[in-house]
Amino acid sequence: MSIEPFTIRLANPRGFCAGVDRAIAIVERALDQFGAPIYVRHEVVHNKHVVETLTQRGAVFVEEIDEIPAGSTCIFSAHGVSKAVEKAAEDKGLQVFDATCPLVTKVHIEARRHADNNRHLLLIGHAGHPEVEGTMGQVNADQVTLIETVEEAHTVQPPVGSNLAFATQTTLSVDDTAEIISVLQFRFPDITGPRGEDICYATTNRQKAVKVIAKNVDLMLVIGASNSSNSQRLVEVAKHAGAADAMLIADKDAISWERADKAGHIGLSAGASAPESLVQDVIQTLANRYDLTVTEHGHIRETVNFKLPSILTQ
């Protein structure tokens, strides 16, 4: 064990958000009420530890509706699904519980409203992400264009003569997205935006908390899955905010000791789908190696709570 003094600056808030809490609770309540197996389309949240725990209880995770036996109970993940997926589940006679985060549902409603008002939607997000696929699948393919970068915002050519609107994936970098939106508003002054910001409160709060500590750490560790957009963005935010080094880790076993041993001050945060138990495991693992002091930074208090489907609360 090293006797070198180390400091962990712990970001607050971190970890689970209200949408993730709700999605996990829906799967747990469905298992309690209807018994195993309960089929879940896609990882209910992007974290292997959560998925493994629910699998042990009897949840079966699939990628497509055609993998689910007719008449079964099915749960849509927190990322949301397209209209085509909803139709496929209906055609198969599935009992569906929708664990889509309500803040993602808000973006779905915006997308359909723009289509109903004959506006072409410029959706800011990452291609292939399930949330983006679900949002684009709310409207016809010719009614939406995906924009991933500032460069694409400068060059995108919407259908000639169309009225325009924009919306965003909920888990993007706040700063990067603001730059893309600025470009779109400069190029298309009449473009319509959301009534409220699409990037969710939890994503914004976690990025703010990382910015507070990043410039004072030698290494920022972000706990989260490699397919978790909001976790990946925290690593990027840390680097841009001045962290000497930053890396995404799935859990304590993924810590790079070569990089950690060089760092006297380590920042620690967790994406919105990473349980607090993983944070505590990382702290304990570091404490086993270093003479450790832990300080917590950030005072944002999150009070958001989303209701479960009524049938699961009886």
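Reading the values: rules and limits
Residues numbered from 1 in each chain as written. Predicted model: local features only at pLDDT ≥ 70, side-chain atom pairs only at ≥ 80, totals over all residues. Heavy atoms only, no water. Helix = DSSP H or I, 4+ residues; strand = E, 2+ residues; numbered from the N terminus. Rg over C-alpha atoms; globule rule 2.2 N^0.38 Å. Buried < 20%, exposed > 50% of the residue type's maximum accessible area, 1.4 Å probe, protein only. Contact = heavy atoms within 4.5 Å. Areas by Shrake-Rupley, 256 points an atom, 1.4 Å probe, with all protein chains shown as cover. Lys, Arg positive; Asp, Glu negative; His and termini not counted. Charge placed at Lys NZ, Arg CZ, Asp CG, Glu CD. Patch = residues over 30% accessible without salt bridge, like charges linked within 9 Å, V, L, I, M, F, W, Y side chains within 5 Å. Salt bridge = Lys/Arg side-chain N within 4 Å of Asp/Glu carboxyl O. Pairing = 2+ DSSP bridges. Axes fitted to C-alpha atoms, helices over the stretch in contact; angles between N-to-C directions. Parallel < 35°, antiparallel > 145°, perpendicular 65-115°, else oblique. Left-handed = near helix turned anticlockwise from the far one by under 90°. Nonpolar A, V, L, I, M, F, W, Y, C, P; charged D, E, K, R; others polar. Polar contact = N/O pair within 3.5 Å; in protein donor to acceptor, adjacent residues only side chain to side chain. Phe/Tyr/Trp six-rings, centres within 6.5 Å; stacked < 30°, edge-to-face > 60°. Core = buried A, V, L, I, M, F, W, Y, C linked by side-chain atoms within 4.5 Å.

Draft legend 1. Up close: the overall build of the protein. Helix and strand counts for the protein come out as 11 helices and 12 strands. A compact globule built from 314 residues should have a C-alpha radius of gyration of about 20 Å, and the protein, at 21 Å, falls within 12% of that. Based on the C-alpha atoms only, the size of the protein along its principal axes is roughly 65 × 55 × 30 Å. Burial status across the protein gives 51% buried among its 314 residues. The long-range share in the protein, meaning contacts at least 24 apart out of those at least 6 apart in sequence, stands at 76%. Counting only carbon and sulfur atoms, one obtains 49% of the accessible surface of the protein, whose full area is about 14200 Å². Of note, the protein has its 28 positive side-chain charges centred 5 Å away from the centre of its 40 negative side-chain charges.

Draft legend 2. Seen up close, a negative patch on the surface. A surface patch of negative charge is lined by Glu148, Glu151, Glu152, Asp176 and Glu179. Summarising the element assignment, Asp176 is placed in helix H7 (residues 174-187).

Draft legend 3. Highlighting the pattern of salt bridges. Scanning the model with the defined rule gives 15 salt bridges in all. For the salt bridge of Glu86 with Lys83, the shortest nitrogen-to-oxygen distance reads 3.7 Å. With Glu86 and Lys83 both in helix H3 (residues 83-91), this residue pair falls 3 residues apart, about one helical turn. In this structure, the salt-bridge partner of Arg233 is Glu236, at a minimum N-O distance of 2.9 Å. One end of the pair, Arg233, and the other, Glu236, are both in helix H9 (residues 229-240), 3 residues apart, so they sit about a helical turn from each other. In this structure Arg233 comes out as buried when scored by relative accessible area, which is 10%.

Draft legend 4. Spotlight on the pairing of strand S1 (residues 5-11). With 6 of its 7 residues buried, S1 lies for the most part within the structure. With 7 bridges joining them, S1 and strand S12 (residues 291-297) adopt parallel strand pairing. In the sheet register, Phe6 faces S12, and the bridge partner there is Leu292. Pairing analysis gives 4 bridges linking S1 to strand S11 (residues 265-270), with the strands arranged parallel. By the bridge assignment for S11, Arg9 is matched with Gly267.

Draft legend 5. Examining the packing of helix H8 (residues 201-214) against H9 more closely. As a packed pair, H8 and H9 sit with axes 9 Å apart at the nearest point and diverge in direction by 30°. Taken together, the axis directions place H8 and H9 in an arrangement best described as roughly parallel. By crossing handedness, the relation of H8 to H9 is classed as right-handed. Between H8, through Thr203, Arg206, Gln207, Val210, Lys211 and Ala214, and H9, the contact on the second element is made entirely by Asn230, Arg233, Leu234, Val237 and Ala238. Per-class residue counts for the contact of H8 with H9 are 5 nonpolar, 3 polar and 3 charged.

Draft legend 6. Local environment of the side chain of Arg9. Mapped onto the elements of the fold, Arg9 is located in strand S1. Lacking a salt bridge, the buried Arg9 has Asp218 as its closest oppositely charged neighbour, with an N-O distance of 7.1 Å. At 3.1 Å, the side chain of Arg9 and the backbone oxygen of Asn216 are in polar contact.

Draft legend 7. Structural context of the environment of Phe34. Of note, Phe34 is situated in helix H1 (residues 18-34). With 39 residues separating them along the chain, Phe34 and Thr73 place their C-alpha atoms 8.2 Å apart.

Draft legend 8. How the structure looks around the packing of aromatic side chains. Here the structure, examined in full by the defined rule, presents 3 aromatic pairs. Taking the centre distance of 3.7 Å and the plane angle of 10° together, the rings of Phe6 and Tyr290 count as stacked. Note that Phe6 is positioned in strand S1 and Tyr290 in the loop between helix H11 (276-289) and S12, a separation of 284 residues in sequence. Here Phe6 and Tyr290 have matching classes, each one buried.

Draft legend 9. Local environment of the nonpolar core. Ranked by internal contacts, the top residues of the largest apolar core, which has 25 residues, are Ile26, Val27, Val44, Val45 and Ile75. Looking at this core, the elements with two or more residues in it are H1, strand S2 (38-41) and helix H2 (48-57). Ranked by residues supplied to this core, first place goes to H1 with 8 residues.

Draft legend 10. Quick look at the packing of H1 against H2. Their axes nearest at 11 Å, the elements H1 and H2 cross at an angle of 10°. Taken together, the axes of H1 and H2 are roughly parallel relative to one another. Contacts between H1 and H2 pair Ile24, Val27, Glu28, Leu31 and Asp32 from the former with Val50, Leu54 and Arg57 from the latter. Partitioning the contact of H1 with H2 into residue classes produces 5 nonpolar, no polar and 3 charged.

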